[in-house]
Amino acid sequence: ALIAPERAGELALTFDDGPNPPYTTAILRVLREEKVHATFFVVGRAVAAYPAVVREEHADGNAIGNHTWEHEHLIVRTPAQIDESLARTDAAVYAATGSHTTLLRPPFGARDWTVLREARRLGYTPVMWSVPLANDWEYPPAGVIAQRILGYVGDGAIIVLHDGNRGEICTAKNAHDCD
């Protein structure tokens, strides 16, 4: 599982909040064409809705990390609620891929000693990011996203982008929120 790049010239490309077709599948197509792997921090309810997309992520050699069941703030949850959210998401990932999650990115990057203790107790490695967020959820053009990121990229950088919006299941009513 990808945690952080170890060799000079490497960085980690990560995507949060999916899976979210057709956007995740478009990202996967580009990753395959460019022969690049990424880490997808998935939201459990979206995994349950789109298991084939998570299967494709995994089959392509990408790492799958846990981003909770509903993209909830973990710091306001009890240890039992944290455990339930992570376990439920892991079960959905396992049902889709046959593999368990070992990486965790807390939604919003929100963590405290309780979140970290529970994550480690459950065998998770918490993974944050080192490059400022590109605010890609604000729908900027690709060039603006690149501009917001590239000045901060260096050896070992961890970039976070989004292939979904908090794991929302897309419908005609909220299609814009899911882009």
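Up top is the structure these notes are about.
Small disclaimer: the values here were computed from a predicted structure and weren't measured. For every chain, the first residue of the written sequence is number 1, and numbering continues from 1 onward in sequence order. The predicted origin of the model limits local features to residues at a pLDDT of at least 70 and limits the giving and counting of side-chain atom pairs to 80 or more, whereas totals for whole chains, interfaces and linings rest on all residues. The basis for every side-chain value is the complete set of non-hydrogen atoms in the structure, without hydrogens or water.

Visitor: Break down the overall build of the chain for me, citing the residues and quoting the values.
Guide: Each helix is a run of DSSP H or I of at least 4 residues and each strand a run of E of at least 2, with the numbering of both proceeding from the N terminus. A tally of regular secondary structure across the chain gives six helices and six strands. Listing every helix and strand of the chain by position from the N terminus yields β-α-β-α-α-β-α-β-α-β-α-β. The contacts of the chain with a sequence gap of at least 6 include a subset with a gap of at least 24, amounting to 72%. Note on areas: these come from Shrake-Rupley sampling with a 1.4 Å probe, and a residue is covered only by the protein chains present in the view. Working note: accessible area of the chain is about 9,100 Å², and carbon and sulfur atoms make up 55% of it. By definition, residues are in contact when any of their heavy atoms lie within 4.5 Å.

Visitor: Outline the pattern of salt bridges, listing residues and values.
Guide: Definition used for salt bridges: Asp or Glu carboxyl oxygen within 4 Å of a side-chain nitrogen of Lys or Arg. Here the structure, examined in full by the defined rule, presents seven salt bridges. Close ionic contact of Arg105 with Asp16 constitutes a salt bridge, the shortest N to O distance being 2.7 Å. Highlighted residues: Arg105 in the loop between strand E4 (103-104) and helix H5 (113-121) and Asp16 in strand E1 (residues 12-16), separated in sequence by 89 residues. Like Arg105, the residue Asp16 is buried in the burial classification. Connected via shared salt-bridge partners are Asp83, Arg117, Glu118 and Arg121. Burial here depends on accessible area, computed with a 1.4 Å probe over protein chains only, as a share of the maximum for the residue type. Under 20% is buried, over 50% is exposed, and the range in between is partly exposed.

Visitor: Which residues make up the environment of Arg32, and what values go with them?
Guide: Residue position: Arg32 is located in helix H1 (residues 23-34). Arg32 sits in the partly exposed class, given a relative accessible area of 38%. Sequence-wise, Arg32 and Asp60 are 28 residues apart; in three dimensions their C-alpha atoms are separated by 7.5 Å. The residues contacting Arg32, other than those within four sequence positions of it, are Glu56 and Asp60. Polar contacts, as counted here, are pairs of nitrogen or oxygen atoms within 3.5 Å of one another; within protein the pair requires one atom able to donate a hydrogen and one able to accept it, and residues that are adjacent in sequence qualify only if both atoms are side-chain atoms. A distance of 3.0 Å separates polar atoms of two side chains, one belonging to Arg32 and the other to Glu56.

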